[in-house]
Structure formats: C-alpha cells, structure tokens
Amino acid sequence: MRPPDRVPSSGRRSIRDMQPPALLPGGPIRDGGDPLSDVSLTFDDNRLTSLVLGQFDQNLAKIERRLGVRATANGNHVVIKGPPDACEQARRVLEALYARVKGGASLTLGDVDGAIEEGVLQGSLFPKQSEPERSAFDEIRTRKRGSVKARTAAQDIYMRALKNHELVFAEGPAGTGKTWLAVGHAVALLERGLVERLILSRPAVEAGERLGFLPGDMKDKVDPYLRPVYDALYDFMDARMVERGMLTGMIEIAPLAFMRGRTLTNAVVLLDEAQNATAMQMKMFLTRLGEGSRMIITGDPTQTDLPPGQKSGLSEAVRLLSGLEGIAHVTFREGDVVRHDLVRRIVAAYEAATRAQVEAGQGR
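Because the structure is predicted, anything quoted here is derived from the model rather than measured.

Engineer: Go over the pairing of strand β4 (residues 70-74) with me, naming the residues and quoting the values.
Structural biologist: Residues of β4 alternate between two faces, with Ala71 and Ala73 buried on one and Arg70, Thr72 and Asn74 left unburied on the opposite face. Both β4 and strand β5 (residues 77-82) contribute to a ladder of five bridges, which runs antiparallel. In the sheet register, Arg70 faces β5, and the bridge partner there is Lys81. The antiparallel pairing of β4 with β5 creates a hairpin that spans two residues between the two strands, and Gly75 there sits at a positive phi of about 65°.

Below is the structure:
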C-alpha cells in the first residue's frame, strides 16, 4: 500500500490523504504514458498559505480532484505534479486564491470552484497562437460585501450582460446565482447613484400548496413569497440601510399583481421566479419600464407552479423578445450550480430524467 503524500505535522491525516487518486478525463494519473510536469510555488506568508490550502488541506484536495493533479504542501511551499496544462492551471488557481486572502477577503469552497473555473476559461499558459487572450471573470462591488466575482463562465456572461443591457432575462435551475447576483448588481447601481430606487417583485404563487389567507397588512402577506429576495438583499446591504431604504421608498418590495398602471423611472427593477408569471402579467410588467431604468427577469422554466394548461410568461417573453436590441438572454445549466455540489448532482439527475421522458415521447 502506497503511503500518503503528506501527513500534517499535527499528526492528523489531511482530507487529501482520505481521497481516491485524482481523476483526469481519461482516468487516474499514471507514472507511465504521457509526460508529467512538476510546478513549484513558494508563498511569502505561512499563515496566508494555510488559509489558501484550507482546513485539513480541503481546498487543495478540491483542486486535485477537479484538475487531475497531485499536490504536496510543506509549509508555504507547494509542489504540483501532473500533465503540464493541468499543473499550470493549478498554479494559477493557487496564486489567485493567495492574492484573494492577501487582500483581506475570506475564502470558501465556492471561491475555490470559481477560481478553478476562471483558470480553465483562461486556458493554458501556452495558448495556441490563433486563440484570443481571455480576460478574468467579471465582478460587482458593494459596500458590505466588497468584491463579488463570478464563479462560472455563465455567471461571467450574466454579470457582463447586466452591465451592458437595459433588460436581461436569466433562465436556469436553482442554485446558479441568478437572483443573488441580480440583487447584488442592483445594490451596486443604487450605491453608485446610477439609479434612485430598487424595486423587487415576485408573483405570489404557492409552490404546490394552498396557504389560505395570511394575516397582517400587505407587507406581512407578501413577505413569505419574497423571503429569498430579502435574504439576498441583506447579504449585500447592512440591515440598518435596508430598513431605512424601505421606510423612505428607496427600496420597494412588491408583489407582481400591484405593478399595473405604474411607470418605473430611474430604478432597477427585478422580477424573480418569473416562470410563475402569466403571459398577461409578463407583458404588463415589461411595459412598466421607464426612462433611466433597468429590468432583470429571472426564473426556472422547469419549476412552474402555474395551473395546468397555463402558459408561462417567462418562456413566451424569451421566445418573442430574444435578439431585440438592448435585451440580453442568459441561460444557466446544471453545471453552473454553485450552491452545493450535491445540489448540482440533484439538478443533473432531474434534467436527465426530463430528457429521457422527452426522448421516450418522441420515439413513440
């Protein structure tokens, strides 16, 4: 039995020592066959290096599994072994993570995933001459969160679309960051003074259950439907600023049904869970857009809670409006889920089942 690459000085085995060999698209790393490469990195600060590697080297283990390399860490020194391109990608990932923690930012497994995706998108250190140079993933900045960077190529496209278009449709499964990034972008625009108001809306449709009449005033009645939007808002803004914004009308949270007859000027308007809007509601909402405003519409067409036979306004709007000047349409897939690795596998399983049903229906 081959001994582990390294045992931490504490005497406890690292997560990497408990994992199976790292996998490449063609299988595990082998000593024979394709030539392997060694890349060495030495960081300036041992404490920051430990943050990059993660508790029990969990971040390093993720890099090994995702890129198909083997990495050995000793203090602030890391040696990476594997195919040349994969080693260079791992080096760029580790350097990017070190720069992040050196700047004072925190580091999560999601940030590691984002750095890996960005490194893969940027390509090898030795790209083909015909390939254009790829830039880094885009980011948004708010006072509370600081810099928030895209974690997947689809998120990068989405964030660039938000900055360059007045109307953006975002479709995709849960956990891809559609709503969260849209709220972050809206807060950034508000803090920079590019808009005067932030309006967040959702259709008040139960997810397969009848909740009956809810007690309280209008805010109390719609709060349960808009809780995910509240959560994202508090992520990007201090609670004190959110409460003040709601009192002054700078931040407005309203159900879709109360949008009729309004003209929304100098505002960023977000419609979440738009797959539950009817065709008439979607047309009404889209025509609320006024001067100096931007509109973001997010939803998952596979999770419609409308009555059977009712057409989703989101799907119809995307079909009718995609390609028009000033409008962007971004589609997320199951591979873009950033919430949790298990969520990604759950979404993939449901997507596969749906495709199988469609193929079976076409074969009849």
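Still more to cover.
Engineer: Tell me what's going on with the pairing of strand β12 (residues 294-299), and back it up with residues and numbers.
Structural biologist: Summarising burial for β12: five of the six residues are buried, a large majority. Pairing of strand β8 (residues 167-171) with β12, which is carried by five bridges, proceeds in the parallel orientation. From the neighbouring strand, Leu167 faces β12, where its bridge partner is Met295. Here strand β11 (residues 267-271) runs beside β12; their pairing, made up of four bridges, is parallel. Counted as the bridge partner of Val268 is Arg294 from β12. Following the chain from β11 across helix α10 (residues 279-286) to the adjacent parallel β12, one finds a crossover that is right-handed.

Engineer: Describe in detail the sheet that holds strand β13 (residues 327-331), supporting the description with residues and values.
Structural biologist: The six strands lie next to each other as β10-β9-β11-β12-β8-β13, forming an open sheet whose pairing is parallel. Strands with a single pairing partner mark the edges of an open sheet, and in this sheet they are β10 (251-255) and β13. In this sheet, neighbouring strand axes are inclined to one another by 15° on average, regardless of whether the strands run parallel or antiparallel. Against the sheet, helix α11 (residues 313-321) makes contact with β8, β12 and β13, and its axis sits at roughly 125° relative to β8, the strand it touches most.

Engineer: So what's going on with the packing of aromatic side chains? Which residues, and what values?
Structural biologist: Per the counting criterion, the structure on display carries three aromatic pairs. A ring pair is formed by Phe43 and Tyr98, whose centres lie 4.6 Å apart and whose planes are at 20°; its orientation type is stacked. Of the two residues, Phe43 sits in the loop between β3 (37-42) and α2 (46-53) while Tyr98 sits in helix α4 (residues 84-102), which places them 55 residues apart along the sequence. Judged by its relative accessible area of 8%, Phe43 falls in the buried class. Judged by its relative accessible area of 7%, Tyr98 is buried. Here the aromatic rings of Tyr158 and Phe332 are separated by 5.4 Å at their centres, their planes lie at 85°, and the arrangement is edge-to-face. Taken together, the positions of Tyr158 in helix α6 (residues 153-164) and Phe332 in the loop between β13 and α12 (341-363) put the pair 174 residues apart, joining distant regions of the chain. The class for Tyr158 is buried, based on a relative accessible area of 0%.

Engineer: Give me the lowdown on the nonpolar core, citing residues and values where you can.
Structural biologist: With 37 residues, the main nonpolar core has Tyr158, Leu198 and Leu233 as its most contacted residues. Listing elements by their share of this core, those giving two or more residues are α6, β8, α7 (178-191), β9 (197-202), α8 (218-236), β10, β11 and β13. For this core, the element with the most residues is α7, which contributes seven residues. By size, the runner-up hydrophobic cluster in this structure holds 25 residues, among which are Leu60, Ile63, Val69 and Val93.

Engineer: Let's hear about the confidence of the model for the chain: which residues, and what values?
Structural biologist: Confidence along the chain averages 80 in pLDDT terms, with 79% of residues attaining 70 or more. Note on residues 124-134: pLDDT under 50 across the span, and eight contacts to partners over four residues away in sequence or across chains.

Engineer: Got a sec to walk through unusual backbone geometry? Specific residues and values, please.
Structural biologist: Residues other than glycine seldom take positive phi values, yet Phe56 does so here, at roughly 55°. With respect to the helices, strands and loops of the structure, Phe56 is situated in the loop between α2 and α3 (58-67). Here the phi dihedral of Asn266 falls at roughly 50°; this positive angle occurs in a residue that is not glycine. Summarising the element assignment, Asn266 is placed in the loop between β10 and β11.

Each value, and the rule that gives it
Residues numbered from 1 in each chain as written. Predicted model: local features only at pLDDT ≥ 70, side-chain atom pairs only at ≥ 80, totals over all residues. Heavy atoms only, no water. Buried < 20%, exposed > 50% of the residue type's maximum accessible area, 1.4 Å probe, protein only. Helix = DSSP H or I, 4+ residues; strand = E, 2+ residues; numbered from the N terminus. Pairing = 2+ DSSP bridges. Right-handed = clockwise from strand over helix to strand, strands pointing away. Axes fitted to C-alpha atoms, helices over the stretch in contact; angles between N-to-C directions. Contact = heavy atoms within 4.5 Å. Phe/Tyr/Trp six-rings, centres within 6.5 Å; stacked < 30°, edge-to-face > 60°. Core = buried A, V, L, I, M, F, W, Y, C linked by side-chain atoms within 4.5 Å. pLDDT = per-residue confidence, 0-100.

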